[in-house]
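# Topology and contacts: notes
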Amino acid sequence: MLYLVKTAPVCRLCSPRSCQMLVRVRVKVRRFAGARVRRIIRGLVGALGVCALVLSGSSVALAEEAMDPGPEEPSLALEGTELDPERSSLQRALDEAADTGEPVELLSKRGESREVFAMPDRTVQEKSYAVPRWARTDEGWARVDTDLALEGGAVRPIASTVGLEFSAGGDGALVRMARHGRAVELSWPGGDLPTPVLEGASALYPEVIDGVDLRMLATEDGFASHLVVKTPEAAASAALDEITFGLAGEGLEVVVAPEGGLEAVDASTGSPVFVTPPASMWEAGSTEVGSELAAADSDGAQRAAAGAVTADSSAGDGAGEDGSGQGRVAPVEVEVSADGDELSLVPDQGLLEDPDAAFPIVVDPQWLTKKPTAWTGPNKAYPSQSYWQFKGDSTAGLGTCQGWMGCYDGSTYRLFWQFDTSAYRGKTILNASFNVPNTHSAQCSDRAVHLYYTRAINQNTTWNTVTASGFYLSKVRSESFAYGGSQAGCAPAATAEFPIRGLIQDRADANGNQVTLGLRADSESDRNHWKKFSKNAYLRVQYNVPPDKVSTRAMSLEYGGLCASHSDPAIFRTKGKMTVARASDDDGDRIKVQFRLQDWIGGTWTQYWSSGLVPSTGKRSGSAFSVPMPSSVPEGGGTSRWTVRVYDGRSYPRCFTADWVMRREKAL
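On a predicted model such as this, the values are computed, not experimentally measured, just so you know.

Secondary structure assignment for the protein yields 7 helices and 47 strands. Looking at the protein as a whole, 51% of its 668 residues qualify as buried. For the protein, restricting intrachain contacts to residue pairs at least 6 apart in sequence, the fraction spanning at least 24 positions comes to 69%. For the protein, the computed accessible surface area is about 28,500 Å², with 48% contributed by carbon and sulfur atoms.

Okay, here's the thing in structure tokens:
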């Protein structure tokens with residue numbers, strides 16, 4: 001049997017002269033309310049010195065005398081009493097952190113892209129990652145690890161946020177991806193698949209078409225399929241006019257989105273579970289096409305000339321004065337058959353047949369889980385093309401790469417990350433920063449990078465989207481740095497940090513679900529401002545959990561009772577104590593309470609007295625607080641209001657409790 005005991009006020013059950021505070025104890029019995037419950041209640045009544053008792057159904061009203069300031073009695077714990085496990089775990093973690101001097105993670109709050117720590121100074125620190133960091137497994141949480149291994153007749157990542165399987169060769173499905181009981185499956189149209197070559201997160205199926213490899217890449221929350229067209233002769237194959245995959249869904253319907261991508265929609269809710277940005281193809285072997293400046297970079301020329309296609313070939317070298325590593329880009333049309341059992345890709349024949357094309361050419365799409373966290377890096381050279389999640393690359397450039405090896409003419413990039421901020425609602429933000437690894441800088445000298453608060457991004461965000469009027473909401477911060485330069489004496493790759501406490505507090509106060517941050521180079525025409533950044537950005541937010549707002553049901557007058565409202569105010573004739581039966585703080589800090597009195601004058605509430613914060617030493621969370629009415633209470637008739645708020649040493653609740661109205665009458 002489980003019992004829940006809560007306290008709340010009861011209206012006028014006892015004479016105010018014999019009881020100074022009334023407390024209602026509700027006993028909720030899940031399965032049985034019998035003799036044992038009555039025995040517990042009788043014991044409580046005897047222990048608390050109750051002046052009156054009313055039993056109705058499962059509610060018991062108790063009245064208890066309140067003392068001011070009163071001793072801090074130990075918490076009453078009954079066998080079988082239900083406690084708030086989240087609050088208890090937070091307080092225990094804060095106590096442990098304070099005792100050991102080390103952060104303590106709250107595993108109950110961990111998420112795929114979230115870590116929460118109790119800190120030694122009794123604050124809470126949360127890290128919110130753009131890229132999923134943790135995956136649920138049969139053994140519990142595991143760090144995401146996209147390296148592939150052959151297991152049980154299929155190729156699987158070591159730990160992923162989705163159930164992902166690639167073919168081990170032969171017939172059967174090419175890929176299956178599942179999440180929360182929903183799944184999508186693709187089959188290769190060309191018959192049996194060769195045994196894949198595994199390297200890291202890549203499964204390479206060689207020569208699925210003459211001169212064409214199929215590379216499947218496991219990502220943290222999905223996969224990418226890359227057809228790698230290696231030569232002009234392979235590009236001329238009729239098999240590349242249209243590639244049709246077998247398609248199947250479990251609880252999902254795959255449809256073409258209006259913007260050109262795909263959505264795997266939950267058949268029961270209508271919400272997308274998996275999405276793809278609009279498919280595209282690009283020159284992965286492109287060298288710098290329009291500038292003679294890059295010719296001086298002989299090392300870069302050798303790298304580009306090699307044209308090797310590896311699991312990260314399109315990401316650029318990350319050292320030296322390299323450009324984006326991506327040449328020209330063209331769209332790929334996608335079609336889903338009427339009965340939903342086939343998915344067709346129609347590559348751009350103009351790029352495939354171009355005699356100046358820089359092979360290999362890569363044809364995607366990229367399948368991803370629909371989530372609030374995201375990142376993208378649109379390119380001015382292709383203003384209508386999505387570069388969602390950096391098209392599977394681990395890094396992306398910022399600014400213009402014009403003049404560096406591997407840069408297509410006109411390529412200028414901006415970068416964006418999106419984070420879930422729902423956990424910060426109602427919190428007092430003490431510190432907050434946006435942190436992003438800067439993996440490469442064109443020059444050793446510091447160059448400014450600007451951080452903006454922007455509108456939301458999604459898989460269809462393009463350069464045209466981010467340059468539209470009103471997309472940038474405010475400039476947040478500018479920082480100058482240069483990490484990861486290849487020249488002698490340059491600073492190594494490091495994480496750039498942008499303080500953003502004010503922005504995160506604004507989002508918390510507005511009950512915002514997310515925040516989107518954008519980076520822009522100080523100059524988008526000077527190649528020396530070119531930088532590369534990792535996708536692995538994160539927010540670090542340190543906050544205090546403010547005390548709970550006091551319920552009006554916990555407020556009482558010594559001579560006037562409880563449960564008053566604007567329409568039915570309490571009546572008092574004698575000044576006495578004002579009492580809060582219980583004030584609390586979620587993270588267990590010692591608390592103080594401030595009482596205020598206001599009078600209704602000229603159509604508005606005007607404050608005429610405040611207690612300040614009492615008592616000076618504070619009391620334990622969950623304690624009662626009382627103060628005597630001051631002598632300044634106006635004599636005679638009128639209407640007053642008293643309000644109260646709690647302070648935990650760092651912050652107050654968002655507002656006072658302000659609904660307790662009382663009508664003064666002349667003393668009898």
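Next comes the rest of the write-up.
Bringing the state of the cysteines into the picture now. Per the counting criterion, the structure on display carries 2 disulfides. In this model, Cys401 is linked to Cys407 through a disulfide, with the two sulfur atoms separated by 2.0 Å. Disulfide Cys401-Cys407: torsion about the S-S bond near 70°, hence right-handed. There is no split in this pair, since Cys401 and Cys407 are both buried.

Another point: the environment of Gly576. Inspection of the secondary structure puts Gly576 in the loop between strand 41 (570–572) and strand 42 (577–580). Sequence-distant contacts of Gly576, that is, excluding residues within four places in its chain, are made with Glu558, Tyr559, Val627, Pro628 and Met629.

Here the focus is the environment of Gly222. Within the secondary structure, Gly222 sits in strand 18 (residues 222–229). Sequence spacing of Gly222 and Thr146 is 76 residues, and the spatial spacing of their C-alpha atoms is 9.9 Å. Leaving out residues up to four positions away in the same chain, Gly222 has contacts with Val162, Leu164, Met177, Leu217, Trp367 and Leu368.

Here the focus is helix 7 (residues 501–509). An α-helix turns once every 3.6 residues. As a result, residues three or four positions apart point the same way. Buried within helix 7 are the following residues: Leu503, Ile504, Gln505, Arg507 and Ala508. Contact partners of the buried residues in helix 7: strand 33 (428–441), strand 34 (447–454), strand 35 (472–481), strand 37 (514–521) and strand 39 (538–544).

Let us look at the environment of Lys577. Summarising the element assignment, Lys577 is placed in strand 42. Each C-alpha atom of the pair Lys577 and Pro628 lies 4.1 Å from the other, and the pair is 51 residues apart in sequence.

A few words on the pattern of salt bridges. As enumerated under the stated definition, the model contains 20 salt bridges in all. Ionic pairing is found between Glu185 and Arg176, a salt bridge with its closest N-O pair at 3.7 Å. Between Asp266 and Arg182 there is a salt bridge, and its shortest N-O distance comes to 3.1 Å. Here the residue Asp266 occupies a position in strand 21 (residues 262–266), and Arg182 occupies one in strand 14 (residues 182–187), the gap between them amounting to 84 residues. We classify Asp266 as buried; its relative accessible area is 11%.

What follows is about the packing of aromatic side chains. In the structure shown here, the tally under the stated rule is 21 aromatic pairs. Geometrically, the ring pair formed by Phe223 and Trp367 is stacked, given 6.2 Å between the ring centres and 10° between the ring planes. Residue Phe223 is located in strand 18, and its partner Trp367 is located in strand 28 (residues 366–369); the two are separated by 144 residues in the primary sequence. Pair check on accessibility: Phe223 and Trp367 agree, each one buried. Considering the side-chain rings of Phe416 and Tyr472, the 6.3 Å spacing of their centres and the 50° angle between planes classify their relative orientation as tilted. Here the residue Phe416 occupies a position in strand 32 (residues 415–420), and Tyr472 occupies one in strand 35, the gap between them amounting to 56 residues. One aromatic cluster is present, formed by Phe390, Trp417, Phe419, Phe434, Phe481, Tyr483, Phe498 and Phe533 through successive ring pairs. Over the ring of Phe481 we find Lys531, and its NZ or CZ is 5.5 Å from the ring centre. One cation-aromatic arrangement involves Arg645 over Tyr652; the distance from NZ or CZ to the ring centre is 3.6 Å.

Turning our attention to the nonpolar core. As a rule of thumb, nonpolar side chains are buried together in soluble globular proteins. If you look at the biggest cluster of nonpolar residues, it comprises 49 residues, and the most contacted ones within it are Phe166 and Trp367. Within the second largest apolar cluster, 44 residues are counted, among which are Val104, Ala396, Phe481 and Phe533.

Bringing the sheet that holds strand 35 into the picture now. Taken together, 5 strands build an open sheet; the order of strands is 29-32-37-34-35 and the sheet is antiparallel. Each edge of the open sheet carries a strand with a single partner, namely strand 29 (374–376) and strand 35. When the angles between neighbouring strand axes are averaged without regard to direction, this sheet yields 20°. As defined by bridge partners, strand 29 adjoins strand 32 across 3 bridges and the pair is classed as antiparallel. Bridge assignment links Ala374 to a residue of strand 32, and that residue is Gln418. Helix 7 contacts strand 34, strand 35 and strand 37 of the sheet and is inclined by roughly 150° relative to strand 37.

Take the sheet that holds strand 45 (residues 625–628) next. Strand order in the open sheet made by the 3 strands is 40-42-45, with antiparallel pairing throughout. Strands at the two margins of the open sheet, each flanked by one partner only, are strand 40 (555–557) and strand 45. Recorded for the sheet is a direction-independent mean angle of 15° between the axes of neighbouring strands. As paired strands, strand 40 and strand 42 are joined by 3 bridges and run antiparallel to one another. Within strand 42, the position partnered with Ser556 by the bridge is Thr579.

Strand 33 sits mainly inside the fold: 11 of its 14 residues count as buried. Here strand 33 pairs with strand 36 (residues 494–499) via 6 bridges, running antiparallel. Across the sheet, Ser433 pairs through a bridge with Pro499, a residue of strand 36. Two strands pair when backbone bridges link them, and strand 33 and strand 38 (residues 531–534) are joined in this way by 3 bridges, in the antiparallel orientation. The residue bridging His440 from the neighbouring strand is Lys532, located in strand 38.

A grouping of Asp241, Glu242, Glu333, Glu335, Asp339, Asp341, Glu342 and Glu353 is seen on the molecular surface, where their side chains present a negatively charged patch. Relative to the helices and strands, Glu335 is located in strand 25 (residues 333–336).

Cis geometry is adopted by the peptide bond preceding Pro360, which originates at Phe359 and carries an omega value of 5°. The residue Pro360 is located in the loop between helix 5 (349–353) and strand 27 (361–363) in this model. Here Val614 and Pro615 are connected by a cis peptide whose omega angle stands at -15°. Tracing the chain through its elements places Pro615 in strand 44 (residues 604–619). Located in the positive-phi region is Gln389, a residue other than glycine, with phi close to 50°. Mapped onto the secondary structure, Gln389 falls in the loop between strand 29 and strand 30 (395–400). The backbone of Asn511 sits at a positive phi, close to 55°, despite the residue not being glycine. Structurally, the position occupied by Asn511 is in the loop between helix 7 and strand 37.

About the thresholds
Residues numbered from 1 in each chain as written. Predicted model: local features only at pLDDT ≥ 70, side-chain atom pairs only at ≥ 80, totals over all residues. Heavy atoms only, no water. Helix = DSSP H or I, 4+ residues; strand = E, 2+ residues; numbered from the N terminus. Buried < 20%, exposed > 50% of the residue type's maximum accessible area, 1.4 Å probe, protein only. Contact = heavy atoms within 4.5 Å. Areas by Shrake-Rupley, 256 points an atom, 1.4 Å probe, with all protein chains shown as cover. Disulfide = S-S within 2.5 Å. Salt bridge = Lys/Arg side-chain N within 4 Å of Asp/Glu carboxyl O. Phe/Tyr/Trp six-rings, centres within 6.5 Å; stacked < 30°, edge-to-face > 60°. Lys NZ or Arg CZ within 6 Å of the ring centre and 35° of its normal. Core = buried A, V, L, I, M, F, W, Y, C linked by side-chain atoms within 4.5 Å. Pairing = 2+ DSSP bridges. Axes fitted to C-alpha atoms, helices over the stretch in contact; angles between N-to-C directions. Patch = residues over 30% accessible without salt bridge, like charges linked within 9 Å, V, L, I, M, F, W, Y side chains within 5 Å. Lys, Arg positive; Asp, Glu negative; His and termini not counted. Charge placed at Lys NZ, Arg CZ, Asp CG, Glu CD.

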